[in-house]
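# Notes for the structure review
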Amino acid sequence: MHRQRREMALLLPLVLLSICCISAAVPQAESENKTISTKPAGDEPPSVLNQQQNFVPDINTVLRDISVQLAKHEVEVKHLQRQNEEQSTTLKELELHKSELEQLQQQHKQQQLLLQQQQQQDAQQQQQIQTQAAELVTIKTKANITEKQVEALRKDREVRQVVFSTSLLASGSGYTGPFNTDTNLIFKNVYENIGNAYNPHTGLFTAPVRGVYHFEFYIHGTSKYSSGAFLVKNGQQICMAYDSTSSGRTAASNGATLLLEVGDVVFLRLWVNSWIYDDAFYNHNTFSGHLLFTM
């Protein structure tokens, strides 16, 4: 459009210059014809006259053509002006859309940045949660280990404190035996049973821990039958207390120190065809033992 305007600006002076030249040429031609020609007009050939007439342009025709061209160019200029205005409007709209798009892109970048920051914070929080969970598991594990150690120490202390002391009858008085075979004695009256290693229902002492134990027992009888009892470990006779008299009462005692494994049993067994007498008030027959040390 600017190019067409420049072309029209250059064209108009040329058109005006042409008109001026043509206007100046017509009188000059006429004067030359008047000056040079000395012959009568009727003496010129017809061809020469026609050429001179054709040589002189029709000014009105030229001006009409120029007016038509100018009108066409004016229409084109107006058309180009409208196109220019439309393009300017479109350009403004495009610039507005571009600005809006840039704002949206900026907002999108900011949102992406915020999202990345949020994701980083979430990842850090997740990492902290996982770290805290791992620490909690470690603490629980340590707590369980500590609890087990405490329980083991408590049990170890308990098993290190093993003592029992019993007598034969819990109430009344009377004889036990004689029997025609060796018979296990059950000492029912319990004085002490620290560690609960002795069972008053079976008469058996069961070692709760590997260690060295000391046992003692006392028996009491009368003259009619002899009195005797064995200290037994897992069915094996260890030692015996025995006494016999023709009159009066009898008494005997014995003891032993034994290395026991966990689960070994120790008890007293009444000798065949012998008896013992006991009174719940005097408690003549006793069986006791205790742990000396573990191994």
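In the annotation of an unreviewed UniProt entry, the chain is listed under the name C1q domain-containing protein and assigned to Gouania willdenowi.

## What to know about the side chain of S274
Within the fold, S274 resides in the loop between β11 (265-270) and β12 (276-279). Taking the relative accessible area as the measure of exposure, S274 reaches 0% and is therefore buried. A distance of 3.5 Å separates a polar side-chain atom of S274 from the backbone oxygen of G228. Within the structure, the side chain of S274 is placed 2.6 Å from the backbone oxygen of W271, a separation counted as a polar contact. With residues up to four places along the chain from it excluded, the contact list for S274 reads T176, G177, P178, F179, S226, S227 and G228.

## Considering a nonpolar patch on the surface
A cluster of nonpolar residues, L259, L292, F293 and M295, forms a patch on the protein surface that exposes about 380 Å² of accessible area. Within the secondary structure, F293 is located in strand β13 (residues 286-294).

## What about the pairing of strand β9 (residues 236-243)?
In this structure, strand β8 (residues 227-233) lies alongside β9, joined through seven bridges in antiparallel fashion. In the strand pairing of β9, G228 is matched with Y242. Here β8 folds back onto β9, and the loop between the two strands holds two residues, one of which, N234, carries a positive phi near 50 degrees.

## Describing the pairing of β8
Counting buried positions over the seven residues of β8 gives seven, a clear majority of the element. Residue alternation in β8 divides its side chains into two sets, S227, A229, L231 and K233 and G228, F230 and V232, and both sets are buried. Direction of pairing for β8 relative to β11: antiparallel, over a ladder of five bridges. Each bridged residue has a counterpart across the sheet, and for F230 the counterpart in β11 is R269.

## Looking at the sheet that holds β13
To summarise the sheet geometry, strands pair through backbone hydrogen bonds and adopt either a parallel or an antiparallel arrangement. One open sheet accounts for five strands, arranged β4-β1-β13-β7-β10; its pairing is antiparallel. The sheet is open, and its two edges are formed by β4 (189-194) and β10 (249-260), each paired on a single side. This sheet shows a mean twist of 10 degrees between the axes of neighbouring strands, independent of strand direction.

## Remarks on unusual backbone geometry
In the segment running from G177 into P178, the intervening peptide bond is cis, with an omega of 0 degrees. Structurally, the position occupied by P178 is in the loop between β2 (173-176) and β3 (183-184). For N234, which is not glycine, the phi torsion reads 50 degrees and is therefore positive. Relative to the helices and strands, N234 resides in the loop between β8 and β9. A residue is classified by how much of its surface remains accessible, and N234, at 42% relative accessible area, is partly exposed. Positive phi outside glycine occurs at N273, with the angle close to 55 degrees. The topology assignment puts N273 in the loop between β11 and β12.

Scoring rules and cut-offs
- Residues numbered from 1 in each chain as written.
- Predicted model: local features only at pLDDT ≥ 70, side-chain atom pairs only at ≥ 80, totals over all residues.
- Heavy atoms only, no water.
- Helix = DSSP H or I, 4+ residues; strand = E, 2+ residues; numbered from the N terminus.
- Buried < 20%, exposed > 50% of the residue type's maximum accessible area, 1.4 Å probe, protein only.
- Polar contact = N/O pair within 3.5 Å; in protein donor to acceptor, adjacent residues only side chain to side chain.
- Contact = heavy atoms within 4.5 Å.
- Patch = residues over 30% accessible without salt bridge, like charges linked within 9 Å, V, L, I, M, F, W, Y side chains within 5 Å.
- Areas by Shrake-Rupley, 256 points an atom, 1.4 Å probe, with all protein chains shown as cover.
- Salt bridge = Lys/Arg side-chain N within 4 Å of Asp/Glu carboxyl O.
- Pairing = 2+ DSSP bridges.
- Axes fitted to C-alpha atoms, helices over the stretch in contact; angles between N-to-C directions.

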